[in-house]
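Summary of structural features
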Amino acid sequence: MTPVHRADGVGTAAPEKVTRGPEPTPRPQLPKRTFADNEGVLAKLFLLPTVLGIIGLVAFPFILAIVFSFSDVTTGNPSLDFVGFRQWSTILGSRVFWTAFRNTITFTVISMALIIVIAHILANVLVRDFKGKWLVRFCVLLPWTTPVALAAVSWLWLLNSIFSPIDWVLRWFGLIEANMYYLGRPVLAMGSIIAVHVWRIVPVATVIIMAGHMAIPGEINDAAEIDGAGFWRKLREITIPLTIPISAVAVLFGAILTFADMTVVFILTRGGPTQATQVLSSWAFFKGIEGGDLAQGAAVALFLFPLLLAAAIAILRAVRRSEVM
Amino acid sequence: MAHVVEVRGLKKHFEKGDVQAVDGVDIATREGEYLVLLGPSGCGKTTLLRMIAGLEEPTEGEILIGGNVVNGLPPRARGIAMVFQSYALYPHKTVLDNITFPLKATMSDRDARREKATWAADLLGIGELLGRKPRHLSGGERQRVALARALVRDPSVFLLDEPLSNLDAKLRTSARDELKGFQERLGTTTIYVTHDQVEAMGLGDRIVVILNGKVRQIGPPQEVYSNPADTFVATFIGSPPMNLIDRGDHLLGFRPENFLPLEAMSSHGDNLLEVDVQVHRIEYLSGDRHVYATTSGLGPDDAHIIARIPATVNVAVNENGSQRFAVHEKDLRFFDGETGVVTEPRQVRT
């Protein structure tokens, strides 16, 4: 009946005889070690391009920026003269700098809070099974894939002072009487910048947090359901604690991205009206590149570096402590 | 007496992959019974358990717990507790918080929850682990935490999904023993899913053998072992499996331990079926001898047979020798050649 028996019974009927067969022939000589076997040298060789890239594109400009910030270099007078902390005291005494500093903090904190909340909600929806999930996922990811130039044109039109479709809709519902001038009023302009930035970053944050949701074993969700946890309790006691490590990484990346980002400001308002939406990165750009004062631009750009470094270290440490799986 | 759990005509069809996971199952547990669902992986036993738990909705059929239809009710309203294969402990909570978690839904008093959790933990001998996180526990300790978490719910039925498969072989034996003793003390009806026939035989009051979403046999372990309903049950249960010899329109079956050298058989007036076999190989396993042999005396073709000679039988058996073996006619089973279902005894004299 079962052919397994035959294989067991007959095939290995006399194992002893097999092992007492003729002596095995001596092994052939191993081939000589070639260059490709030399892992020590190869490792260094393969790492070289990356190391050169980092030195050339990150380390060198960074050190140059530090040197610039203690000099009086401008595009008109590129000779490096050491001036101590003069550039630093100049920017610390400037009103625009402090506006930009406040704006950077506001911009980062509010947009990160919105991004994390929205991304969590979207991730919650997208990990579920429903008809048309593929299409919804595609639509959620779309803003990330839209080229900045194209998005800028659309948003400039949406927020236009005269032709804004948002205004049309609001007027049609009778919610407003006159145009809003989104980019012309300080608070609305900042709000618009935050909205567009959130629109850009939410897709990535959603994907990262979705990965966190999917990493929670299915049986843990089942167990919570059997243990009588409703939606909110499951969210509060299971889902959020278990996605904290990955959310923290998302926040870290998002915050650094937001701190250093000037795209949205540059496209929508160029820091206006009257510097009301200036952030540190855009201010560094306008001051150092457009204004030609390389030294002050460098000082502005470097101002947040120690702060960001400390925040990054703190978050990464917290993530390692809270790793639970 | 009301059945604690009963399923009637239960079916589950998964749209994805067009799988009929459970295909018309009727089972009723008895009060305080240890019922084991046994089958190979993918046979639908876990899906069946998940439907009873309320984690899957059946496509067709009814589930009754304590006499009430619970179709459509969420798991928390069914009075069940489940222990998962991975134990599914909440990794960020301490053992105490894991055990009190299900109580938060029903018990508002914090001290009462703590008291109940401590009671369950002491019962399972994990009282000193309450402050630890699951990642600092061994496999056996995790399993006890999962049991304690199930226990505090005072369920009317325990559902256990392969709770021993993550333990190493040595621990598994003692954990099996503890599980059985634990259930006997509590007297709670338990449904236990496993693919391991040894666990099923050792734990179950009754075994439900499942294949391809259908129940093949329900019965006490001894019954399922000695009177298998078909060739699948005959070969799935028992190690080595039942010998099956193709005789054209039917199959002749007998257990390896019933097939012994003629000298070792005591006839006691029973009729013996004697046959000459050609021995090929002998394995020594836990004191028993497993003899792999062929014979031409039982059917039209040469048949492969395994005999299991217990350690207490000292008759010499030689590899590559010919020897006369025998089996009591009362130990012979007959199965239909087409369907594999058990049939009437036939004439076997050759």
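The rules behind the values
Residues numbered from 1 in each chain as written. Chains lettered and ligands numbered in written order. Predicted model: local features only at pLDDT ≥ 70, side-chain atom pairs only at ≥ 80, totals over all residues. Helix = DSSP H or I, 4+ residues; strand = E, 2+ residues; numbered from the N terminus. Expected span 1.5 Å × (residues − 1). Buried ≥ 20, exposed ≤ 12 C-beta atoms within 10 Å, placed from the backbone. Contact = placed C-beta atoms within 7 Å.

**Things to note about helix α4 (residues 139-151) of chain B**
All names here are of chain B.
- For α4, spanning 13 residues, the distance from its first C-alpha to its last is 18 Å, which sits close to the expected 18 Å at 1.5 Å a residue.
- The buried count for α4 comes to 10 of 13 residues, which makes it a mostly enclosed element.
- Every buried residue of α4 is listed here: Arg142, Gln143, Arg144, Val145, Ala146, Leu147, Ala148, Arg149, Ala150 and Leu151.
- On its buried face, α4 is in contact with β6 (80-83), α2 (95-100), α3 (110-123), β7 (157-161) and α5 (169-186).

**A look at the environment of A:Gln296**
Residue and element names in this part refer to chain A.
- As for its position among the elements, Gln296 is in helix α14 (residues 294-303).
- Overall, the presence of 26 C-beta atoms within 10 Å leaves Gln296 in the buried class.
- For the pair formed by Gln296 and Val41, sequence separation is 255 residues and the distance between their alpha carbons is 44 Å.
- Ignoring anything within four residues of it in the chain, the contact list for Gln296 reads Gln87, Thr90, Ile91, Lys287 and Gly288.

**Side note on unusual backbone geometry**
- With an omega dihedral of -5 degrees, the bond running from B:Ser239 to B:Pro240 counts as a cis peptide bond.
- Turning to its location among the elements, B:Pro240 is positioned in the loop between α8 (231-236) and β11 (243-247).
- A positive phi is found at A:Gln275, a non-glycine position, where the angle reads about 60 degrees.
- Structurally, A:Gln275 is set in the loop between α12 (263-268) and α13 (280-290).
- For A:Gln275, a count of 19 C-beta atoms within 10 Å puts it in the partly exposed group.
- Positive phi outside glycine occurs at B:Asn212, with the angle close to 50 degrees.
- Here B:Asn212 is to be found in the loop between β9 (206-211) and β10 (214-219).

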